[in-house]
Amino acid sequence: MYPKDLKYDKEHEWVKVEGDVVTIGISHFAQDQLGEVVYVDLPSVGDAVTAGETFGEIESVKSVSELFSPVTGEIIEVNDGLSDAPEVVNEDPYGDGWMIKVSLGDTAELDELMAAEEYEAFVSEEA
Amino acid sequence: MNELKRTPLHDEHVLLGARMVDFAGWSMPVQYSGIIDEHRAVRESVGIFDVSHMAEFRVFGLGATEALQRIVTNDLGRIAELGSALYTVMCDEDGGIIDDLIVYHTGDLEYLVIANASRRETDWDWITSHLPEDVETADESDRTALIAVQGPRALEIVAQLAHEGFEPPARFTIAEARLGGTQVLLARTGYTGEDGFEIVCHASHASGVWRALLSFPEVTPCGLGARDTLRLEMGYPLYGSDMDRGTDPVSAGLGWTVALAKSDFIGRDAIARIKEAGPERKLVGITVDEGVPRPGYAVLHEGSEVGKVASGTYSPTLGHGIATAYLPSEIAVPGTEVTLAIRRKEVAGRVVRPPFVKNTSLSSAAS
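One structure accompanies this document, and this report is about it.

Definitions and limits used
Residues numbered from 1 in each chain as written. Chains lettered and ligands numbered in written order. Predicted model: local features only at pLDDT ≥ 70, side-chain atom pairs only at ≥ 80, totals over all residues. Heavy atoms only, no water. Pairing = 2+ DSSP bridges. Helix = DSSP H or I, 4+ residues; strand = E, 2+ residues; numbered from the N terminus. Axes fitted to C-alpha atoms, helices over the stretch in contact; angles between N-to-C directions. Parallel < 35°, antiparallel > 145°, perpendicular 65-115°, else oblique. Left-handed = near helix turned anticlockwise from the far one by under 90°. Contact = heavy atoms within 4.5 Å. Nonpolar A, V, L, I, M, F, W, Y, C, P; charged D, E, K, R; others polar. Buried area = accessible area lost by both parts, 1.4 Å probe. Salt bridge = Lys/Arg side-chain N within 4 Å of Asp/Glu carboxyl O. Polar contact = N/O pair within 3.5 Å; in protein donor to acceptor, adjacent residues only side chain to side chain.

1. Section: the sheet that holds strand 7 (residues 64-68) of chain A
Residue and element names in this part refer to chain A. An order of 4-6-7 is seen for the three strands of this open sheet, with the pairing classed as antiparallel. Both edges of this open sheet fall to strand 4 (37-41) and strand 7, since each of them pairs with a single strand only. For this sheet, the mean angle separating the axes of adjacent strands, direction not counted, is 25°.

See the structure below:
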């Protein structure tokens with residue numbers, strides 16, 4: 001449920017690091033808590049994101065949640081497929097359900113994030 | 001905070017892995033497999049809902065008919081026939097809606113009133129304080145379970161569980177029946193826009209009936225989440241969201257439940273005045289192409305705020321957002337372009353006349 005090659009934050013986003021580019025999505029726990037996702041509002045390529053600040057919104061039938069960026073940097077790619085098929089976030093949160101790719105400003109921020117085991121322990125306390 | 005109340009089916013929900021939430025002081029399932037799945041099951045097959053949190057009152061005695069006529073706005077003369085049911089509201093002297101109810105004519109000089117869970121104490125106090133001495137009342141809510149069986153295939157399922165020679169009750173009627181050997185009251189009513197039933201039974205029999213229904217693969221357990229999306233697609237108002245003590249039935253689009261021509265009833269003069277003058281605001285439907293409108297979001301017209309979303313959700317059938325709102329009467333007209341402030345965004349919307357979803361099993365059955 002929580003792939004080992006990803007890092008996680010307390011707002012339930014995951015981060016996949018490839019060089020100085022990170023891919024960001026929401027965790028299995030987050031998609032399960034939300035229920036069926038019906039709408040994802042994402043920023044545009046070129047927009048700046050800041051660690052701890054919102055970069056978009058995600059809505060299920062019952063609720064709306066803000067998406068928080070775990071890192072600071074510039075958006076270089078956005079998953080446009082989610083506007084037509086937001087349910088992919090539920091079906092494949094770590095794969096086709098990714099949201100944005102960010103070119104990192106400061107790789108030291110990654111040290112603040114949790115490894116899979118840490119995140120799993122964090123989630124079991126929250127559930 | 002007080003412990004949440006539990007329905008007789010609480011353990012069944014937990015066993016099924018439902019997500020339980022606090023609803024009006026009750027621990028209730030909001031969803032099992034997912035709201036959209038459950039919603040589709042009801043539109044396409046059959047869904048069952050535990051609505052045992054709702055209140056059941058019996059009103060009986062020599063003066064029962066006359067006394068209830070004074071309390072509700074609709075005309076009990078319409079359910080003079082035994083077994084028939086009536087949707088109505090109950091208002092205060094100013095025409096403010098105390099609750100919306102279904103009244104079933106269950107016996108000679110006897111009525112079963114089903115009310116919202118959140119209004120149980122208020123309704124009970126209001127009804128009992130407005131009854132003369134020759135009318136008796138019983139609050140049967142605690143010992144009564146209520147299970148809604150809704151969907152185009154509801155009749156097929158219920159008929160398979162029913163006793164030999166079973167004749168289904170007609171739309172908006174109630175009759176005794178045996179389901180899987182259990183004595184129940186079976187009402188052909190619901191809150192989804194689909195054909196279906198509401199089963200009234202003793203709390204101790206609820207699990208047996210629930211499990212018997214779930215033994216059919218066509219049947220999906222559904223939570224309050226789907227109940228809300230289904231009712232809103234039909235434009236059925238919800239107490240506490242679309243109406244309350246501060247709204248009157250004419251403004252709420254429930255003028256059809258007010259029988260001004262019958263004998264006097266509480267709120268009659270106030271409602272007659274509102275009807276005569278025309279309401280200042282009316283409850284309308286609004287559709288949006290983008291985002292999900294939710295209660296409290298501002299509705300704008302030509303740049304100014306003209307109202308707030310009363311009920312709002314994503315419509316699983318239509319694939320876009322739907323809402324209700326009280327708007328000034330002059331713009332509460334189908335086709336009016338409005339804007340919804342969905343948090344940081346302004347989204348285009350259009351006033352429509354509910355139901356948002358047409359062509360359900362109920363609309364075809366009713367015609």
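2. So, the packing of helix 2 (residues 35-44) of chain B against helix 7 (residues 224-233) of chain B
Residue and element names in this part refer to chain B. Packing of helix 2 against helix 7 brings their axes to within 8 Å, and their N-to-C directions diverge by 55°. Comparing the axis directions of helix 2 and helix 7 gives the class oblique. The hand of the helix 2/helix 7 crossing is right-handed. Between helix 2 and helix 7, the contacting residues are Ile35, Glu38, His39, Val42 and Arg43 on the first element and Gly225, Ala226, Thr229, Leu230 and Glu233 on the second. Among the residues making up the contact of helix 2 with helix 7, the classes are represented as four nonpolar, three polar and three charged.

3. So, the interface of chain B and chain A
A common way to express how large an interface is: the accessible area buried when the components associate. The interface is formed by 20 residues belonging to chain B together with 16 residues belonging to chain A. A combined buried area of about 1,400 Å² lies between chain B and chain A, and 44% of that area is made up of carbon and sulfur atoms. There are five salt bridges connecting chain B and chain A. On inspection of chain B and its partner chain A, the count reaches 14 residue pairs in polar contact (both at pLDDT 80 or more). Elements that contribute at least two residues to the side of chain B that touches chain A include exactly helix 2, helix 7 and strand 16 (304-315) of chain B. For the side of chain B that touches chain A, the per-class residue count stands at seven nonpolar, five polar and eight charged.

4. Some words on the sheet that holds strand 17 (residues 320-328) of chain B
Residues and elements named next belong to chain B. Judged by pairing direction, the barrel is antiparallel, and its six strands sit side by side in the order 14-17-16-15-18-19 before closing back on the first. Neighbour to neighbour, the strand axes of the sheet diverge by 40° on average, direction disregarded. Pairing of strand 16 with strand 17, which is carried by six bridges, proceeds in the antiparallel orientation. Within strand 17, the position partnered with serine 315 by the bridge is histidine 320. Contacts from helix 7 reach strand 16 and strand 17 within the one sheet, and its direction differs from that of strand 16 by about 120°.

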